[in-house]
Amino acid sequence: MSKYTDEGWRTAYAQEQNRSVKNDSFLEMEAAMRQIKAHWEFMTSEEFNPVPLALELLDGSSLGKDYRVFKQMKGQLDKALQFIVNDYYQGFNSSIGTFGGVMQNIGGKFNERVKEMKSQLKTCKETLMSKRSDLLQLWFRSQQYKEMIRILDQIEEFKETPEKLEVLLREKHFLTAAKMLLDAIKTLEKKEMIGIGALSDLRRYLKAQQSSLHELLIEELHNHLYLKNSYCDSRWVKYTKDQKTLPSPLMEWQSGKETRKISYMTLKNKKNLQVNTGLTMSTPLSPKSPKPLNNNITFNDEDEMIVENLEINPETDSFYYLEILIESLSTLKKLPQALETITQRIPIELYQLVDKTIAEVEESQKSKINDVADIFALDYPENDAQMEILRDLLWTLYSKLDAVLQGHRFILDIVEKISKRQEYQKSDSQNIKVYSFIEIWKPVQSEVRTLLRDYITEDERESISENTSEASIQEMIKDRRARDASKQLFRFGDSDTTLNEELNKQYKRDISTVLQNSMPEVFAKVPDERQLSVFIVDRFANANITAGHKLVIKPDAFNVSIIFKPTLAFLDKVKKIIPSSAHQSSADFTTFLDDFVFNVFLPQIGDKIFEIFRQSTAESDAFQEDPNYKTYSALPVIKSASSLMMIVESLCAMLHNMASHKEEYSKMIISLLTQYYVKCFEQYQATVSKNKGEANVKDDANNQGISATWVQQDQLSEVLGQYPYVAEDNAKNRRKRRQLCDKETRIEMNFKKNREISLGQLITDNKKLTALANLYHSLKWFVAKIWELRGKDSTGNLHSTKMDDGNLAKINRRWSSYGDVNFSLNVDDEKKKENGDREISLPLTGEMANRFDALLATFQQLAEQNLFTLRIELRCHTLHYLDKAMREGNYQLEYEAYEPDPYVLTLNADMVKFNENIASHLPTKEHKFVFEGLDALMEHLLVNNAVFIRNLNTNGVMKMTRNILALQQNLKNIVETPGEISLERARRYYEMFNMGPVNMLTQIKEQGAIFSFEEYKIMLEIMYKIDPTDMQTTPSTRRDSPSSNRRLYNENLLELNELMLDFL
């Protein structure tokens, strides 16, 4: 059974719903408001008009509003309001009662109390307005007592001022100390204080402190300006290995606006400087943790003064400290004097900064300084100990100079800001004369110039050219040299030096005493030997001349490759630091470097290079084999070529460090190459010249050997120059080379004619042959290396270069197509690693490139001339000895000969020696070229020189065969392709002698002609012993030849002629 009926359930449910609604009345209200906002929000507007809504509700069409929904929403809203009233009606009732009670109290007792207060105020007014003389006297006396108490309080404060001032100075809160000091002095100067005698000593003490504070501020300013304080270490960066740029850790100058990078520091110093712009930094600068933030601090406005924070150490932020010092000097009204002092001390402070940096580098690099490098070493490796010392000095010093210039720029901006304040604008006496940035730059420029001169130039920092026989660098760059200002024009010869020294010592003692008395604290920090030089500034001295510093390495013109990179990086920084108010452009601040390069460096480097070039080419072993050639070439290279290559590479390295002077370096390199070509040509001429005892050989037109004379003939050199084009080993090229050899042989026979080549016309000195081979490969190696530099762009990538002249392009093609230069690749790779993968190139353009290419072409021609001379010399040796063997040899023997002819043996020995002299100095293809076609020449000589054989028999044929076999075997032992060597044609030619005339003609008829008509004719003459030199009408026969031989000879000759006509 159910406990409730259906009606009971409905009643219970309704009661439960009412309780729920009562408890959640605000939820109902919120639901109703959401409904209104979703569908009826337009009714909540202040400009709502109910009439249109009413009309839309009465409209039953689809365009009207749903009246039923509107009534439901209204009912829901009424219900929610009813729930709220039911829930809070008690509070409404109690508030109404309370309000009534408050209104009743205000209307009764409050009015009475107001009336009573008005009556009392009126009585007080009347009493105060009554006049009483006794009260007036008491008032006057009270005023006097107050003034006395005020003065006594000030006196008590003045007693504490020295102690407070000492604490502030010790903690280096100078701005607060300056204000306190000036306030105290100003107060003590008032009339009421002047009469107090007890304050006289205090007044004098504070005035003395004002002077001391001024001096102290100047010293502190210079300590931070020139990085003497340890807190300034965060403003510059010490050199790190392989450093390429000049970092600036704290300051950045962008678009004329000054910003400072901020760094983290420890949490205990969270408070930093505060400026009146309302910007408060919670992460001040600290040298111990130089991590840059993205935030920037901007400078204060002109009328705002920096507020000093007494809770921190001001020195932790060097720029903030500098601003405090400048503001303190401005407060003391000593800013103009301070600026003048800064200007005067710039040269001395910079000199001390450079000296201190040198001492620091010496201490850190102490172990490397003792390693002395060769002053004439041109190819300094990048990791060389001496060069590392110089890099350390330059990058560190330039980082410090950059910080110093930034400090000066910061001071100039601060002073300019201060000068725009009203107190300085109104008063003419307080006008601030700000020194210009150029006054700072000139001493820095002088120090940089001195640094460059000390480590680049020699002979007391000035170079004097001593070259007489070589071209002067001044002539190449058209530069005018100034007189050496360091040289003394005259001297006081009659002066008393002893008296002068005594006077100087006395003046030094007097000045030292005055300085020690005036500035004992500062003066005590300076060593005795440098005290005067610190404080005495010669204002009339030449600003462009600075005393030199101690050198960490020896000066050398080739140090420029190390010096100019940091110098240019420093100058780039200077251009960014230059203020917009400077009257000179940024380029004007770097013109001194160009002046130094043109007036000092280029003449110095030119003189040194040409002096080294003169030494390397004038020595007796200049064209001898370099003992260290294996480090850069597989084959020997002469010393002068390797030395010159080192010079050129050094110049190329300097060229990339000084790209703006590329033309001057290019001219220098071209001049070097031109002079070296002259030296090489002279060496070639001396090598191919004949000995003194053989100079006047008959039929010789000049003092050169016959091979050099023939090589100069265009007809022969043109043929020889075609060999490289057919160097590839294939059937077509082999046939072409054979044709070239035949053509060459004909040309040589035409040059020789019927004359004998004498021994005096040949190069018989083995050293000369070696010298020719060595000179050839050295020139080829040198030009290939130069061409490699020439063929690279500034990034070190290879690119194709074309010569404008067609002949030069042809020579270049011939050069690159024939032969190889054997570089030692492993050594080059190691060298690149040592040099830090430094790429060296020689970028040339325009007319300079054409001149350079033409010069390389002349080197190539000279190298080829050496190679051609070797080839022709060997062939001339062959011509000489085979001529001797044929003309003077005995080939009518009574017995069999077991040895070849002595001249043949001599030729074989000569060829072996020739090969030994050149084999180790020539590449494989060039060696093959020298001996190529020699077998064809031998065949030609053996066959065609048969006309010189007077008598021949069977034993003579055997001897000739032995000659041929000996030559053939010896040549096979020498060449790389012995299978191509054959003298079979010459052997068959002489074997025809044993066949007899009839059999020879029969063989021609049956097998065809293998020799020419002249060659067959000569063999017939030998067989019939006919003397071809007999020009009589009735030809006389050779010795012991019967008269019938002439008839038989003529018959066989006619038959031969008929047979040869058939084979034409």
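This one's a predicted model, so the numbers in the text were calculated from it and none came from an experiment.

**Student:** Let's hear about the overall build of the protein chain: which residues, and what values?
**Tutor:** The secondary structure content of the protein chain amounts to 37 helices and three strands. Within the protein chain, the proportion of its 1064 residues that are buried is 46%. The long-range fraction of contacts in the protein chain, counting pairs at least 24 apart against all pairs at least 6 apart in sequence, stands at 77%.

**Student:** Can you break down the environment of Ile562 residue by residue, with the values?
**Tutor:** Residue position: Ile562 is located in helix H20 (residues 560-577). You can call Ile562 buried: its relative accessible area is 9%. Along the chain, Ile562 and Ala653 lie 91 residues apart, while their C-alpha atoms are 9.8 Å from each other. For Ile562, the residues in contact, after removing those within four places along its chain, are Met387, Leu390, Arg391 and Leu394.

**Student:** Talk me through a nonpolar patch on the surface; I want residue IDs and the actual numbers.
**Tutor:** Where nonpolar side chains cluster on the molecular surface, the patch consists of Phe26, Val85, Tyr88, Tyr89 and Phe92 and spans about 500 Å² of accessible area. The element that contributes the greatest number of residues to the nonpolar patch is helix H4 (residues 67-107), accounting for four residues. Position of Phe92 among the secondary structure elements: in helix H4.

**Student:** Which residues make up the packing of helix H7 (residues 174-188) against helix H9 (residues 200-225), and what values do they have?
**Tutor:** Between two packed helices, both the angle of their axes relative to each other and the distance between the axes serve to describe the pair. As a packed pair, H7 and H9 sit with axes 10 Å apart at the nearest point and diverge in direction by 155°. By the angle between their directions, the pair H7 and H9 is classed as roughly antiparallel. The way H7 lies across H9 gives a crossing that is left-handed. Residues Phe174, Ala178, Leu181, Leu182, Ala184, Ile185 and Leu188 of H7 pack against Leu202, Arg203, Leu206, Lys207, Gln209, Gln210, Leu213, Leu216, Leu217 and Glu220 of H9. Among the residues making up the contact of H7 with H9, the classes are represented as twelve nonpolar, two polar and three charged.

**Student:** Help me get a handle on helix H2 (residues 25-39), residues and values and all.
**Tutor:** Compared with the 21 Å implied by 1.5 Å per residue over 15 residues, the 21 Å span of H2 between its first and last C-alpha is a close match. Every buried residue belonging to H2 is among Ser25, Met29, Ala32 and Ile36, and all of these are buried. The buried residues of H2 all sit within an arc of 65° when viewed along its axis, so they share a single face. In this structure, H2 carries Leu27, Arg34, Lys37 and Ala38 as exposed residues pointing more than 90 degrees from its buried face.

**Student:** Describe the packing of aromatic side chains, and please don't skip the residues or the numbers.
**Tutor:** Considering all chains together, one arrives at 24 aromatic pairs under this definition. A centroid spacing of 6.2 Å and a plane angle of 35° characterise the contact between Trp441 and Phe570, whose relative ring orientation is tilted. Here Trp441 is found in helix H15 (residues 437-456), whereas its partner Phe570 is found in helix H20, with 129 residues between them in sequence. Judged on exposure class, the residue Trp441 and its partner Phe570 are both buried. Plain terms: the ring middles of Tyr676 and Phe859 are 6.2 Å apart, the flat faces sit at 25° to each other, and that makes the pair stacked.

**Student:** Which residues make up the packing of helix H27 (residues 766-790) against helix H30 (residues 846-888), and what are the values?
**Tutor:** It is at 9 Å that the axes of H27 and H30 come closest, and there the two elements cross at 155°. In terms of orientation, H27 lies roughly antiparallel with respect to H30. Handedness of the H27/H30 crossing: left-handed. Its residues assigned to classes, the contact of H27 with H30 shows 18 nonpolar, three polar and five charged.

**Student:** Go over the pattern of salt bridges, please, and point to the residues and values.
**Tutor:** Applying the stated criterion to the full structure yields 34 salt bridges. With a shortest N-O distance of 3.9 Å, Asp66 and Arg68 are connected by a salt bridge. Arg421 is the salt-bridge partner of Glu327, the closest N and O atoms lying 2.7 Å from each other. With Glu327 in helix H10 (residues 318-331) and Arg421 in the loop between helix H13 (385-419) and helix H14 (422-426), the pair connects residues that are 94 residues apart, well separated along the chain. The buried category is assigned to Glu327, whose relative accessible area is 0%. For Arg421, a relative accessible area of 4% corresponds to the buried category. Each of Glu219, Lys228, Arg345 and Glu349 takes part in salt bridges that share partners, so that together they form one network.

**Student:** Describe in detail the environment of Asp572, supporting the description with residues and values.
**Tutor:** Here Asp572 lies in helix H20. As a C-alpha pair, Asp572 and Leu246 span 326 residues in sequence and 9.3 Å in three-dimensional space.

**Student:** For unusual backbone geometry, give the residues involved together with the corresponding values.
**Tutor:** One non-glycine residue, Lys172, lies in positive phi territory at about 65°. Relative to the helices and strands, Lys172 is located in the loop between helix H6 (133-170) and H7. At Leu227, a position not held by glycine, the phi torsion is positive, near 60°. Here Leu227 is to be found in the loop between H9 and strand S1 (251-254).

**Student:** If you had to explain the nonpolar core to someone new, which residues and values would you point to?
**Tutor:** The biggest cluster of nonpolar side chains holds 227 residues, and the ones touching the most others in it are Phe570, Phe601, Tyr676, Phe782, Phe931 and Tyr990. Examining the composition of this core, we find that 19 residues originate from one element, H30, more than from any other. The contacts of Tyr990, once residues within four sequence positions are left out, are Met886, Leu942, Ala946, Ile949, Leu952, Val957, Met960, Ile964 and Met1019. Membership of the second largest hydrophobic core comes to six residues, among which are Trp40, Leu53, Leu57 and Phe70.

**Student:** How would you summarise the confidence of the model for the protein chain if you had to cite specific residues and measurements?
**Tutor:** Averaged over all residues, the pLDDT of the protein chain equals 75, while 72% of them reach at least 70. Under a pLDDT of 50 for its full length, residues 372-383 has, in the predicted model, 39 contacts with residues more than four places off or in other chains.

**Student:** Summarise the side chain of Lys959; cite the residues concerned and give the values.
**Tutor:** Secondary-structure assignment places Lys959 in helix H34 (residues 954-974). Aside from chain neighbours lying at most four places away, what touches Lys959 is Asn890, Tyr891, Leu893, Ala897, Glu899 and Asp901.

**Student:** Would you mind going over the environment of Leu937 in detail, with residue names and values included?
**Tutor:** When you line up the elements, Leu937 lands in helix H33 (residues 934-944). For Leu937 and Cys741, which are 196 residues apart along the polypeptide, the C-alpha to C-alpha distance reads 8.1 Å. With residues near it in sequence (within four places) discarded, Leu937 still touches Thr745, Glu748, Met749, Arg875, Thr878 and Leu879.

Calculation notes
- Residues numbered from 1 in each chain as written.
- Predicted model: local features only at pLDDT ≥ 70, side-chain atom pairs only at ≥ 80, totals over all residues.
- Heavy atoms only, no water.
- Helix = DSSP H or I, 4+ residues; strand = E, 2+ residues; numbered from the N terminus.
- Buried < 20%, exposed > 50% of the residue type's maximum accessible area, 1.4 Å probe, protein only.
- Contact = heavy atoms within 4.5 Å.
- Patch = residues over 30% accessible without salt bridge, like charges linked within 9 Å, V, L, I, M, F, W, Y side chains within 5 Å.
- Areas by Shrake-Rupley, 256 points an atom, 1.4 Å probe, with all protein chains shown as cover.
- Salt bridge = Lys/Arg side-chain N within 4 Å of Asp/Glu carboxyl O.
- Axes fitted to C-alpha atoms, helices over the stretch in contact; angles between N-to-C directions.
- Parallel < 35°, antiparallel > 145°, perpendicular 65-115°, else oblique.
- Left-handed = near helix turned anticlockwise from the far one by under 90°.
- Nonpolar A, V, L, I, M, F, W, Y, C, P; charged D, E, K, R; others polar.
- Expected span 1.5 Å × (residues − 1).
- Arc of directions from axis to C-beta.
- Phe/Tyr/Trp six-rings, centres within 6.5 Å; stacked < 30°, edge-to-face > 60°.
- Core = buried A, V, L, I, M, F, W, Y, C linked by side-chain atoms within 4.5 Å.
- pLDDT = per-residue confidence, 0-100.

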